[in-house]
Amino acid sequence: MLDLKHVFMGTVAAALMMVSSQAQAEWPEKSIEFIIPFGGGADVEGRMIAKAMSKELGQPVVPVSKIGGGGAIAYTHVKNSKPDGYTVGWNSTSILTTTNIGNVPFDYTALDHIGQVAQQPVPFVVSAKARWNTLKEFMDECKAKPNTLKIAFAGFGSATHMAGVAMTNAMGCKPIMLPVKGADRRKMILSGETDAAVDIFFVPLKMVKAGKSKFLAISSGKRNPAAPNVPTAKELGIDMEFDLFRGLSVAKGTPQAIKDKLEAAMIKAASSKKFSGRMKKLKITLAPMGQKQFAAKLKKANANIVSIMKKAGMYQAKAKK
Amino acid sequence: MSPDVLDGFFRATQYDTIFAVAVGCLVGLIVGMIPGLTISTGIIIVLPLTFVLEPEISIALLLGLYVSGMTGGSFSAILLNIPGTPSATATAIDGNPMAKGGEAGRALGIAITASFVGGLFSFLCLFFISPILADVALQFKSPDLFSLMIFGLTIICSFAAKSLVKGLLAAVIGLAVVTIGQDPMMGTQRFTFGQVNLTAGIHFLTALIGLFAIPQLVDNFADIIKGTDEGNTTKIKSVFPKIADLKQMRLPVAIGSPIGSFLGILPGAGGPIAAFISYDYSKKLSKNPEEYGNGSPQGIAAPESANNAVTGGALIPMMTLGIPGDPVTAILIAALLIHGLIPGPLLFVENGEFAYGVIFSFFWANIFNIIIALVGLRFLVKVLIIPKTLLMPSIAILCVIGSYALRNNFFDVYVMFSFGLLGIIMRWLDMPTVPLLLAMVLGRQIEEYLRVSLIASKNDITIFFTSPFSLFFLCLAAASVFWSFWAEHRSKQEQKQQT
């Protein structure tokens, strides 16, 4: 029944597309809604991209924040919007985690994706005074004394959790995992309440630069120029490649011509002086990427997250296959 | 001195931040002045604006409103004998007789000057105490923070309630509301009934708008129907205080400022209590206590310096520990969180220039408060003539806009109205709403710290008693509950004796 409905809607959409293909040439004719799923940095950067995209598209791109549920509310809104390109979602790795942990009844393929804007690695952080100087030293101690060392992460099913689980599983370490919000994670490193933390890259970087904490490893495939001495997990023999990314998504079935226009505008906006300046200042890697490349990346990252979640017994995707 | 202090000063002294402070002061004076509008309502009005502004600017605006709202409350207390805000109640005792004696301008001038000194004193407390407290608080671990939050909760309930049972009950409702949405640790959905809009939980500000503004609007509409009128304002001559008055003010202001700052630091005590205690003490220490109550300048200066000193004091636990002392600081916390800034000891380490920016914005707020109040007073009091039939509907609209703009979700408007209904029911039951709101702010943190402590200690409850900080806070919490039981018992006995 449901499938029939989809087929019917698909046909209607296709018919409409043909009718409106001429109109598409002029897209966009009105303002575009830019849905932001998180506050803080995601919000600030989302607004910057939206502003720069307005210049490219000649129509206002209006930032609208729909915060909550680890992105669940924003992604549901974009998924249910008309596939006409007038509703754009500012996505992140959460589009893979929140779906696979079953917060929403669909997976990332329920949306069409325009591309990526930027990415950053997930570092493994310890206090500068800590007795471990390499990830191996930490993991060895953790292996020898299971359930004693504590590792803080952002919250169950979050990207930092995935990275933390992947690192510790690969090294056979059984830590006590502490779900702790943002600033408290850094505080707990300083006060010694937790032995280590898995964090997002640029925020604890300040602490590292101030000589208060140190990175033992980062999760991405390549070393990061902002911390060139920190080895990647891969170099340390852990088979993983994990990045936090941000990019754009639209409703499924959005006409290709519109997606191409959005892609071009997004990439131009990402390379704008103001935005690249902020990325540089925050040490987030600017890595604009189009639809094809991003689709491949998402596929790989999703498989990665699903396998981590399955191993940890967290996989609860509710998408109908 | 850390370089953050200078950076913070420059941030707070940029023209746009200063402009925001000035606008905040203007709005604050107006809402403070209008009886039936509290500072919280004023903040609700400007709230939708702050979402789009930069964090420094929006906080500056709110601080201006907070400081000036305290001062503005005294205007209607003096002119109409109706305190514009609860904190100005004590000011009316001497302010109104002086105004009736034809010296309205003199009374207002004294109130404004005393407010300024009180505010400035509390700024110094904020500036010097906050970094020290933040340093200490950096050593707090999860069990300590859990106990600290519990202490915050008990003290709030005991102060805000006429009846301890009703206060605690309100706090329990607040804690229950916090459990709606995704569990902060595991992300499990609780009480969402499959409704995606509930996964993010009930936003504190949505609940606040409903609980505070809606019952107040209903009350005001009831007044309009009944046809109660506040009467006309008296003519105001010069508002600049005379040298003789300034000399007389020295003692009460010297008493009021530290009392206000100290009580501001304690969560829950707030403006009204500080104002009355300060009035009491300065009367006892005064050379001519018989003047009090008949339009004594000292009787105006004492409560006014105290209630403005509360503002800076209340910012101390808010900035360093993330604990709100009153609804306004709770709103400030929520406003910071919207911008991704988490108030707490780490704010001084990671965003030191922002933390000091807030402190210096508070300084500017006090400066602009006195300037705008003294210069614009004669025009500002005209606001008191605006008919409520115009004012109240506009505020009702702003409530809807505010609750929608928070997350751009119309669902929140329904939530806001539901809380409005709850607020009306609670008022009917004579139950305080402040403990409910503060429990909502503290509740989530209490849960997080409790669960993190238990995970880290492998479910060993003794950690709450072995850590000295935690034990200390728990003892304080027990003492505060015990104290309020005793106080309630005593006041009941006094009532019995009187009847």
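Residues numbered from 1 in each chain as written. Chains lettered and ligands numbered in written order. Predicted model: local features only at pLDDT ≥ 70, side-chain atom pairs only at ≥ 80, totals over all residues.

(A) Examining the overall build of chain A more closely. Scanning chain A from N- to C-terminus turns up 11 helices and 11 strands. The globule rule puts the C-alpha radius of gyration for 321 residues at 20 Å, and the 21 Å found for chain A is close to it. In terms of principal-axis extent, the alpha carbons of chain A reach across some 65 × 45 × 30 Å. A total of 321 residues make up chain A; the buried ones form 53% of that total. (Helix = DSSP H or I, 4+ residues; strand = E, 2+ residues; numbered from the N terminus. Rg over C-alpha atoms; globule rule 2.2 N^0.38 Å. Buried ≥ 20, exposed ≤ 12 C-beta atoms within 10 Å, placed from the backbone.)

(B) The arrangement of the sheet that holds strand β1 (residues 32–36) of chain A in detail. All names here are of chain A. Read from one edge of the open sheet, six strands run β2-β1-β3-β10-β4-β11, paired in mixed fashion. What marks the edges here is a single partner per strand, and that holds for β2 (61–65) and β11 (285–289). Strand-to-strand twist of the sheet, defined as the mean angle between neighbouring strand axes without regard to direction, takes the value 25°. Two strands pair when backbone bridges link them, and β1 and strand β3 (residues 87–92) are joined in this way by three bridges, in the parallel orientation. (Pairing = 2+ DSSP bridges. Axes fitted to C-alpha atoms, helices over the stretch in contact; angles between N-to-C directions.)

(C) How the structure looks around helix α3 (residues 72–79) of chain A. Residue and element names in this part refer to chain A. With eight of eight residues buried, α3 is to be regarded as a mostly interior element. Of the residues making up α3, those classed as buried are A72, I73, A74, Y75, T76, H77, V78 and K79. For α3, the secondary structure elements touched by its buried residues are β1, β3, α4 (94–100), β4 (111–121) and β10 (243–251). (Contact = placed C-beta atoms within 7 Å.)

(D) How the structure looks around the pairing of β1(A). Residue and element names in this part refer to chain A. Here β1 lies mainly inside the structure; five of its five residues are buried. The side-chain alternation of β1 yields two buried faces, one formed by I32, F34 and I36 and the other by E33 and I35. Sheet topology note: the β1/β2 ladder contains five bridges and is parallel. Looking at the pairing, E33 lines up with V62 of β2.

(E) Layout of the interface of chain A and chain B. Between chain A and chain B, the contact holds 33 residues from the first and 26 residues from the second. Breaking the side of chain A that touches chain B down by element, the ones donating at least two residues are α2 (40–57), β2, α3, β7 (176–179) and α7 (182–191) of chain A. Examining the composition of the side of chain A that touches chain B, we find that six residues originate from one element, α7(A), more than from any other. Within the side of chain A that touches chain B, the residues separate by chemical class into 12 nonpolar, 13 polar and eight charged. (Nonpolar A, V, L, I, M, F, W, Y, C, P; charged D, E, K, R; others polar.)

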